[in-house]
Amino acid sequence: LKMSWCWFYLPLYLLTAACLCRSIKAPTSSLQQSFKSNLFNFYHSLTLADGKETTIHLLKDIPKRYYFILEEGRALAPFSITVTPCDVPIEWSILVHKASASLLGKAAQGDHDTEDVSNAQKATSFVSTIFNYKGNSVETYMGMSSHSALYVLEFLSTERDTHITVYLTTDTTSGHLYPELPPDPRLDVVGIGHTTVTLTWKHSPSVLQHRENIQYCLLVNEKHNYKSLCAAETAIRSSGMKLPATLALSLSPYLLEPQQVMILSNSELSIINRASSGEVRQICMGTKNTYTVPNLSPSTQYYFDVFVVNLLTNASAAYTGTFARTLEEPEPKVMELKDGKVVQVVLDGKKQKFHTLQYQARHKKVQFTFQLCRGQVRVHITKNGKTVASENILGLRYLSLKGKLLDTYLVQLRSTEESNSSVKVQVSSQFNKPLFPLLPESLKIKSFSKLRTCNSVTIAWLGTQEQSKYCVYKKRVEEDQVWTELRSTDRCSGPESRHKLEKVLCKYFYDVNLQRAVTTETIKGLDAGTLYLFDVYLIGPSGIPVRYHSKVVKTRKKC
């Protein structure tokens with residue numbers, strides 16, 4: 001016989017063995033024992049387990065076959081088969097091998113002549129296909145099995161190597177491995193915002209019956225919907241992520257991979273998987289059937305899938321997925337800058353939004369002045385749509401730009417840290433009338449260690465060639481408060497923000513020779529072994545103050 005014919009007759013041989021084993025009630029003969037031995041020893045690995053979910057790995061273009069038969073003593077029984085593709089579409093079918101009544105009669109009468117049985121098989125057996133499917137959806141077949149038939153499941157993947165799960169059961173009365181879906185399993189989008197989408201869905205009957213063992217899990221991504229949780233996990237792994245098995249389902253405290261973030265709040269578990277192809281979120285929210293997905297990007301299409309999960313078995317059923325596009329972010333409000341006027345802008349570090357200022361030039365040359373008040377700020381300037389400057393602001397910064405009359409400048413500001421930042425901005429075409437004072441080469445305050453005593457400190461700072469007013473202030477601080485004081489200081493605030501008792505003195509000073517434009521001051525009446533924070537304010541002709549960098553000095557403990 002050729003190989004193909006051998007394969008065709010072999011299942012009939014197994015069928016005959018099964019029929020003999022069930023039909024003859026007399027003591028088991030040696031022939032029956034031989035048939036049973038061959039059945040279990042040769043085909044044990046290809047027998048599909050009843051009542052258990054089986055994972056099957058498929059190689060491309062190589063079919064794989066599994067068999068199942070009835071338990072002994074059952075003539076007819078309902079059964080169901082559920083196949084879940086975990087990646088690409090597959091082809092699968094159910095074939096039934098049947099033998100005629102005469103062959104089964106001979107088996108029942110104890111006719112064990114091998115040659116007669118073989119001839120009977122050739123003459124009276126037939127094969128029929130009762131179901132076939134091609135695709136990547138979860139499909140379930142329900143039918144009635146017979147003791148006179150052997151069922152063969154054949155699976156084939158034509159795209160690439162993949163894996164599937166198969167669940168066979170002949171017990172349809174004791175419940176379901178998979179949670180049940182409602183008659184209408186669709187997700188409804190009931191609200192869309194700039195960064196949020198609100199979803200609702202009908203309750204699963206399993207949730208109403210076994211609330212403590214069932215929960216809903218939501219999957220959010222920017223690529224497409226998934227027809228099973230198995231397919232979603234496969235896609236996450238193939239994108240370069242290692243997803244711990246059942247992590248989102250059992251809520252077990254697995255260690256996450258570096259590209260994963262787990263967030264647990266208000267009894268909800270969120271797992272964010274990041275890869276170059278995008279972000280996939282898994283959110284398990286218990287038995288709530290309404291959920292608002294937060295922290296989405298504006299004007300972005302997202303796909304949403306809800307799975308109802310049995311926490312005891314990790315089996316799941318998928319609702320019909322949906323998609324929605326978040327609203328476009330509103331155009332940022334543009335503030336008009338007026339020539340020579342100073343504006344102070346407060347930037348929200350958490351939202352990381354740009355603050356936009358616009359200015360239309362009245363002269364060919366304009367000068368932008370930025371004074372950093374708190375935090376860290378980045379500025380981006382465009383002229384008629386083209387970038388002319390982009391940098392981080394440190395202290396006081398002047399940017400002189402050349403152009404044409406009526407050029408339009410846009411200034412975008414944003415905080416580069418999570419805390420709030422603020423900055424003062426001025427644009428002017430009148431270079432001869434600056435509002436901000438002329439600055440020295442350095443805004444550092446120097447202290448002289450050798451001149452320190454138990455009750456005095458000597459400090460020095462640079463001046464300019466312009467007659468200006470300098471005010472000195474002191475503040476007693478604890479060692480553990482130094483960082484907080486320096487961090488929270490508003491560098492744009494002037495002496496008016498200080499307590500009167502902190503004032504040391506104010507004086508006027510300048511020198512046409514910059515080499516000699518240095519002044520010193522000895523502050524007396526201090527406590528021994530104590531930390532002090534010293535500030536110097538430079539106040540120019542316009543009255544706008546510039547604060548030097550704060551200096552912390554400790555007096556000597558013993559003198």
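The coordinates are above.
An account of the accompanying structure is given in this report. Given the structure is predicted, the values throughout are model-derived calculations rather than measurements. (Residues numbered from 1 in each chain as written. Predicted model: local features only at pLDDT ≥ 70, side-chain atom pairs only at ≥ 80, totals over all residues. Heavy atoms only, no water.)

### Notes on the overall build of the chain
Definition in use: Secondary structure elements are taken from DSSP: a helix is a run of H or I of four residues or more, a strand is a run of E of two residues or more, and numbering for both begins at the N terminus. Accessible area is worked out with a 1.4 Å probe on protein chains only. A residue is then buried under 20% of its type maximum, exposed over 50%, and partly exposed in between. We call two residues in contact when some of their heavy atoms are within 4.5 Å. All accessible areas in this document rest on Shrake-Rupley with a 1.4 Å probe, and a residue is counted as covered only by the protein chains that are shown.
From N to C terminus, the chain includes 8 helices and 35 strands. By residue count, 43% of the 559 residues in the chain fall in the buried class. Considering only intrachain contacts with a sequence separation of at least 6, the fraction spanning at least 24 residues in the chain is 75%. By element, 52% of the accessible surface of the chain is carried by carbon and sulfur atoms, the whole surface being about 29800 Å².

### Observations concerning the nonpolar core
Here is the rule: Nonpolar core, defined: a set of buried Ala, Val, Leu, Ile, Met, Phe, Trp, Tyr and Cys residues in which side-chain atoms within 4.5 Å join the residues together.
Counting 24 residues, the largest nonpolar core has Phe 368, Phe 370, Ile 381 and Leu 413 as the members making the most contacts within it. Counting residues per element, the ones that place at least two in this core are β20 (342–347), β21 (355–360), β22 (365–374), β23 (377–383), β24 (386–393), β25 (396–402), β26 (408–415) and β27 (421–428). The greatest single-element share of this core, amounting to 4 residues, is contributed by β22.

### A short note on the state of the cysteines
What counts is decided by this rule: Working definition: a disulfide is two cysteine sulfur atoms within 2.5 Å of each other.
Tallied over the full model, the rule gives 5 disulfides. In this model Cys 471 forms its disulfide with Cys 506; the gap between the sulfur atoms is 2.0 Å. Across the disulfide from Cys 471 to Cys 506, rotation about the S-S bond amounts to roughly 110 degrees, and the bridge is consequently right-handed. On the criterion of sequence distance, the pair formed by Cys 471 in strand β30 (residues 468–476) and Cys 506 in strand β31 (residues 503–509) is long-range, its members being 35 residues apart. Owing to a relative accessible area of 2%, Cys 471 belongs among the buried residues under this scheme. Taking relative accessible area as the criterion, Cys 506 reaches 30% and is therefore assigned partly exposed.

### Digging into the sheet that holds strand β32 (residues 518–524)
Operational definition: When DSSP finds two or more bridges between two strands, those strands count as paired.
Read across the sheet, 3 strands follow the order β28-β29-β32 without closing on themselves; strand pairing throughout is antiparallel. Edge positions in the sheet fall to β28 (446–447) and β32, since each of these pairs with one other strand and no more. Of the strand pairs in this sheet, strand β29 (residues 456–462) and β32 are connected by 7 bridges, and their pairing is antiparallel. Each bridged residue has a counterpart across the sheet, and for Trp 461 the counterpart in β32 is Thr 519.

### Structural notes on the sheet that holds β23
Backbone hydrogen bonds hold the strands of a sheet together, and the pairing may be parallel or antiparallel. Stated precisely, the cut-off is as follows: Inter-axis angles, ranging from 0 to 180 degrees, are taken between N-to-C directions of lines fitted to C-alpha atoms, where helices are fitted over the stretch in contact.
Spatially, the 5 strands line up as an open sheet ordered β19-β21-β26-β23-β24, and their pairing is mixed. Since the sheet does not close on itself, it has two edges, and those belong to β19 (334–336) and β24, each with one partner. Ignoring strand direction, the axes of neighbouring strands in this sheet form an average angle of 20 degrees. Alignment of β19 against β21, held across 3 bridges, turns out to be parallel. Residue Val 334 lies in a different strand from β21, and its bridge partner there is Thr 356.

Purely geometric stuff here, so don't read any function into it on its own.
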